[in-house]
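The chain contents come next:
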Amino acid sequence: MADLTLTTFDWVPEMPRGFVRDLRVRWALEEARLPYRVASVPFRDRSAEHFAHQPFGQVPWLTDGDISIFESGAILLHLGERSDALLPTDPHQRNEALKWLFAALNSVEMASLPWSLLVFSGESGGTSAWTRFDGFLQSRLRHMEPVLAGRKWLAGPFSVADVLMADVLRLVDRFDGLAEYPACRDYVARATARPAFAKAHADQMAHFAAADRAAAFPT
């Protein structure tokens, strides 16, 4: 059995499928070709053991031997330490990867997540909340556009920074939020064309589809 175990939900509704954050970890694991297995916890009835691993009752978390890690950014950083396919050994490139890993979480996703939640809720356009959060996101994208226009990947070679940034921008692209930012859109297309992403995405979708089948045909 692999030392690495990725835990995600046993089932989620249709809307977030393909975007649940265990995909970021699956993608990194596939890029690094690290062996792992997938475990699941109930989406509806979250146990004390679940909260012991993830204090907010979310997913994913990763166990590596006797270490349990929650938060996708922390997991990706941990995996980067295990594989130079995910985190460059050159100090300058490593510095770039670390900066952009945290920028994806703290600067870009901070803007994209509330924007996406408003879209999910059908509240886009016309409200003061939409105006505020759309403006916040546009500001971040305007700064990302010249960065991504000038480089293929954020740190030189592909790294965990790209796994995270591409996944953050991918959700914006789902709702055509990158229509005016061709470099951002091309970056997402480049990243999601990678075989490791394709496998990670397919595996997540298959995981939840299997839950549907099990619910429809209980044994």
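Definitions and limits used
- Throughout this description, residue numbers start from 1 for each chain and increase along the sequence as written.
- This being a predicted model, a pLDDT of at least 70 is required before a residue's local features are given, and a value of 80 or more before pairs of side-chain atoms are given or counted; all residues contribute to the totals for chains, interfaces and linings.
- In computing side-chain properties, one takes all heavy atoms of the structure into account and sets aside hydrogens as well as water.
- A pairing counts as a salt bridge when a side-chain nitrogen of Lys or Arg comes within 4 Å of a carboxyl oxygen of Asp or Glu.
- In this text, helices come from DSSP runs of H or I with a minimum length of four residues, and strands from runs of E with a minimum of two, each type numbered from the N-terminal end.
- Only protein chains enter the accessibility calculation, which uses a 1.4 Å probe. A residue is then buried if its area is under 20% of the maximum for its type, exposed if over 50%, and partly exposed in between.
- When we speak of the arc, we mean the arc of directions from the helix axis to the C-beta atoms.
- Contacts were defined at the residue level, with two residues in contact if any of their heavy atoms lie within 4.5 Å.
- We call two strands paired when DSSP finds no fewer than two bridges between them.
- For the handedness criterion, the strands are oriented away from the viewer, and a crossover whose path from the first strand over the helix to the second runs clockwise is classed as right-handed.
- UniProt positions are given in the numbering used here, feature names are shortened, and annotations may be inferred rather than shown by experiment.
- For helices, the axis comes from a line fit to the C-alpha atoms of the stretch in contact; other axes are also lines fit to C-alpha atoms, and the angle between any two N-to-C directions lies between 0 and 180 degrees.
- We call a set of buried residues a nonpolar core when its members are Ala, Val, Leu, Ile, Met, Phe, Trp, Tyr or Cys and they connect through side-chain atoms within 4.5 Å of each other.
- An automatic or database domain assignment is the source of the domain bounds shown.

Considerations on the pattern of salt bridges
Line of reasoning, step 1. Scanning the model with the defined rule gives 14 salt bridges in all.
Line of reasoning, step 2. A salt bridge links K99 to E96; its shortest N-O distance comes to 2.8 Å. Residue K99 and its partner E96 are both found in helix α4 (residues 91-120); the two are separated by three residues, about one turn of the helix.
Line of reasoning, step 3. The exposure class assigned to E96 is partly exposed, which follows from its relative accessible area of 21%.

Considering helix α3 (residues 72-82)
Line of reasoning, step 1. Of the residues making up α3, those classed as buried are S72, G73, I75, L76, L79 and G80. Projection of α3 onto a plane perpendicular to its axis shows the buried side chains occupying an angular sector of 160°, all on one side.
Line of reasoning, step 2. Turning to α3, the residues buried within the fold contact β1 (4-9), α1 (22-32), β3 (61-64), β4 (67-70), α4 and α6 (160-174).

Notes on the pairing of strand β2 (residues 36-41)
Line of reasoning, step 1. As defined by bridge partners, β1 adjoins β2 across six bridges and the pair is classed as parallel. By the bridge assignment for β2, L4 is matched with Y36.
Line of reasoning, step 2. Of the crossover connections in this fold, the one passing from β1 over α1 to the parallel β2 is right-handed.

A few points about the UniProt feature "domain: GST N-terminal" (unreviewed entry) in the protein
Line of reasoning, step 1. The UniProt record annotates "domain: GST N-terminal" (unreviewed entry) at residues 9-87.
Line of reasoning, step 2. The span residues 9-87 is 35% helix and 19% strand, and its two end C-alpha atoms sit 27 Å from each other.

Quick word on the sheet that holds β1
Line of reasoning, step 1. Reading across from one edge, β2-β1-β3-β4 is the order of the four strands in this open sheet, with mixed pairing throughout. Either end of the sheet is taken by a strand with one partner, and the two such strands are β2 and β4. Ignoring strand direction, the axes of neighbouring strands in this sheet form an average angle of 25°.
Line of reasoning, step 2. Packed on one face of the sheet, α1 meets β1, β2 and β3 and runs near 155° to β1.

Some details on the nonpolar core
The tendency in soluble globular proteins is for nonpolar side chains to be buried as a group.
Line of reasoning, step 1. Counting 56 residues, the largest nonpolar core has W27, L79, L154, M165 and L169 as its most contacted members.
Line of reasoning, step 2. Of all the secondary structure elements, the ones that give two or more residues to this core are β1, α1, α3, α4, α5 (128-149), α6, α7 (182-192) and α8 (195-216).
Line of reasoning, step 3. Looking at this core element by element, the count peaks at ten residues for α4.
Line of reasoning, step 4. Mapped onto the domain boundaries, this core takes at least three residues apiece from domain 1 (4-85 + 196-216) and domain 2 (91-193).
Line of reasoning, step 5. Excluding anything up to four places from it in sequence, W27 contacts F158, D162, V163, A166, D167, A191, A196, F197 and A200.

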